[in-house]
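Structural description and commentary
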Amino acid sequence: MRAVIARAGSSVVEVVDAPDREPGPGRVRIRVAAATVNPVDSMVLDGAPVRFGLVRAREVFGLGWDVAGEVAGVGAGVTGFAVGDAVLGLRDRLDVRAGAHAEFVVLDADAVGALPAGLDAVAAATIPLNGLTAWQGLDLLDLSAGDTLVVTGAAGAVGGFAVELAAARGVRVVAVAGAADEDFVRGVGAEWFAPRGPELADRIRAMVPGGADAALDAAMLGPDALDAVRGGGAFVVVNAGAAPPALRGIRVHHLWVRADGARLAELAALAEKGALTLRVAGVLALADATEAFARLGEGGLRGRLVLVP
Ligand SMILES: NC(=O)c1ccc[n+]([C@@H]2O[C@H](COP(=O)([O-])OP(=O)(O)OC[C@H]3O[C@@H](n4cnc5c(N)ncnc54)[C@H](OP(=O)(O)O)[C@@H]3O)[C@@H](O)[C@H]2O)c1
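Residue positions within a chain follow its written sequence, with the count starting from 1. Local features are withheld for residues below a pLDDT of 70 in this predicted model, meaning they are given only at 70 or higher, and side-chain atom pairs are given and counted only at 80 or more; totals for whole chains, interfaces and linings count all residues.

1. Observations regarding the overall build of the chain
- Each helix and strand counted, the chain has 10 helices and 16 strands in total.
- Taken over the C-alpha trace, the chain has a radius of gyration of 19 Å; the compact-globule value for 309 residues is 19 Å, and the two agree within 12%.
- Its C-alpha atoms give the chain principal-axis dimensions of about 55 × 40 × 35 Å.
- Labels follow a simple rule on C-beta atoms placed from the backbone: if 20 or more others lie within 10 Å of a residue's own, it is buried; if 12 or fewer, it is exposed; otherwise it is partly exposed. Split into buried and exposed, the 309 residues of the chain put 49% on the buried side.
- By the criterion used throughout, residues are in contact when their C-beta atoms, derived from the backbone, lie within 7 Å. The contacts of the chain with a sequence gap of at least 6 include a subset with a gap of at least 24, amounting to 66%. In DSSP terms, a helix is any run of H or I states spanning at least four residues, a strand is any run of E spanning at least two, and both are numbered starting from the N terminus. Put simply, the radius of gyration uses C-alpha atoms, and a globule should come to 2.2 Å times the residue count raised to 0.38.

Set out below in structure tokens:
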């Protein structure tokens, strides 16, 4: 099968022939219909996880975390899925030889969720990594209806989902994004809009006196976002390099996304009924993966680029 890989010492994406594996016990083989290109794929291509000691060096890294497609085989002991089922899934390991940017991918069954009939695979493929990150970040913050939350990078994939899921929980959200994204973040439920820029914490504190109860820092602003949180509040870091010190008794959580098929099915069901906004910036053939990575690297995308085999 064809698969997209990153080779050690090279920052060039390669589309290669890769072994097409059968699913082992407890695993599901998925025929990929759509797979998104995320910032983490660019980081793997750039060698960052190896440089930062997050994963051992290997000759070849498979790319692609998010997948939507159809079950093409199930391993021993898998009861929840059958061949032909429409699914979405997440691989959440850094050190794989083949990822979701491929014709087939093999995932643990509990990393796979049902894809509702009314949801198209290309749009659904934008859910897993960033939808789960947003959901799990909100769970860590443990907010109640009426609490206040700052979301930085609110127009991005993690941030946009975080705003919408938080607002659905009754949380009052301050969205931090560029001026051009105000309509989007308000449209997904932000109560306040704070344009990115200097004196951010002061401006947020003018909206939420005393500071917000929590922040989810998808733009990796670190201390600038922490300063907008009240003493004793909570803070979620999505990138280890951007963790602020846990000053003023603020709980600082480091989030590493965890595949969760049941939650993926819930997120997909929300999207199907229009309660989760999915954004596709463009659709490219798997063979054009190089172009997709180049476009992601240029920045400014709203929504995800999706590869189709
Ligand atoms: N820990 C985990 O498990 C996990 C899981 C998923 C993602 N992540 C990480 O989370 C981060 C966000 O991912 P993503 O997919 O949401 O990225 P994304 O879609 O590129 O969104 C990032 C957003 O932040 C905005 N931004 C950049 N600088 C900003 C600033 N100073 N103030 C306000 N907004 C700013 C960007 O705006 P512009 O485009 O205008 O610059 C963009 O809208 C990435 O570092 C990713 O690797 C971590």
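2. A short note on the environment of D41
- Topologically, D41 is positioned in helix α1 (residues 39-45).
- Residues D41 and L226, 185 residues apart in the sequence, show an inter-C-alpha distance of 27 Å.
- Those residues in contact with D41, other than ones at most four positions away along the chain, are L63 and G64.

3. Re the domain arrangement of the chain
- For each domain, the first and last residues come from an automatic or database assignment. If you check the domain split of the chain, you get domain 1 (2-126 + 278-308) and domain 2 (130-254).
- Placing a centre on the C-alpha atoms of domain 1 and another on those of domain 2 gives a separation of 28 Å.

4. Structural notes on helix α4 (residues 128-141)
- Relative to the 20 Å expected for 14 residues at 1.5 Å per residue, α4 spans 20 Å between its end C-alpha atoms, a close match to the ideal helical length.
- Considered for burial, the residues of α4 that qualify are P128, L129, N130, G131, L132, T133, A134, W135, G137, L138 and L141.
- Immediately downstream of α4, the backbone of D142 shows phi near 55 degrees, a positive value. Helix span, expected: 1.5 Å multiplied by one less than the number of residues in the helix.

5. Focus on the sheet that holds strand β13 (residues 229-237)
- If DSSP finds at least two bridges between two strands, the strands pair. Strand order in the open sheet made by the 6 strands is β11-β10-β9-β12-β13-β14, with parallel pairing throughout. Every interior strand has two partners, whereas the edge strands, β11 (192-195) and β14 (251-254), have only one. Taken pair by pair, the neighbouring strands of this sheet meet at an average axis angle of 15 degrees, ignoring direction.
- With 4 bridges joining them, strand β10 (residues 172-177) and β11 adopt parallel strand pairing. Across the sheet, residue V174 finds its bridge partner in β11, namely W192.
- To get an axis, fit a line to the C-alpha atoms, keeping to the stretch in contact for a helix; angles then go from 0 to 180 degrees between the N-to-C directions. Running at roughly 165 degrees to strand β9 (residues 148-152), helix α5 (residues 157-168) makes contact with β9, β10 and β12 (212-217) of the sheet.

6. Let's talk about the site of the ligand
- Using a C-beta atom placed from the backbone for every residue, we mark a residue as near a molecule or strand if that atom lies within 6 Å of it. Around the ligand, the structure places 28 residues, and the nearest of them are G153, G156, R196, A219 and V257.
- Put simply, the parts of the chain that give the shell around the ligand at least two residues each are α1, α4, α5 and β10.
- Both domains that furnish three or more residues to the shell around the ligand are identified here as domain 1 (2-126 + 278-308) and domain 2 (130-254).

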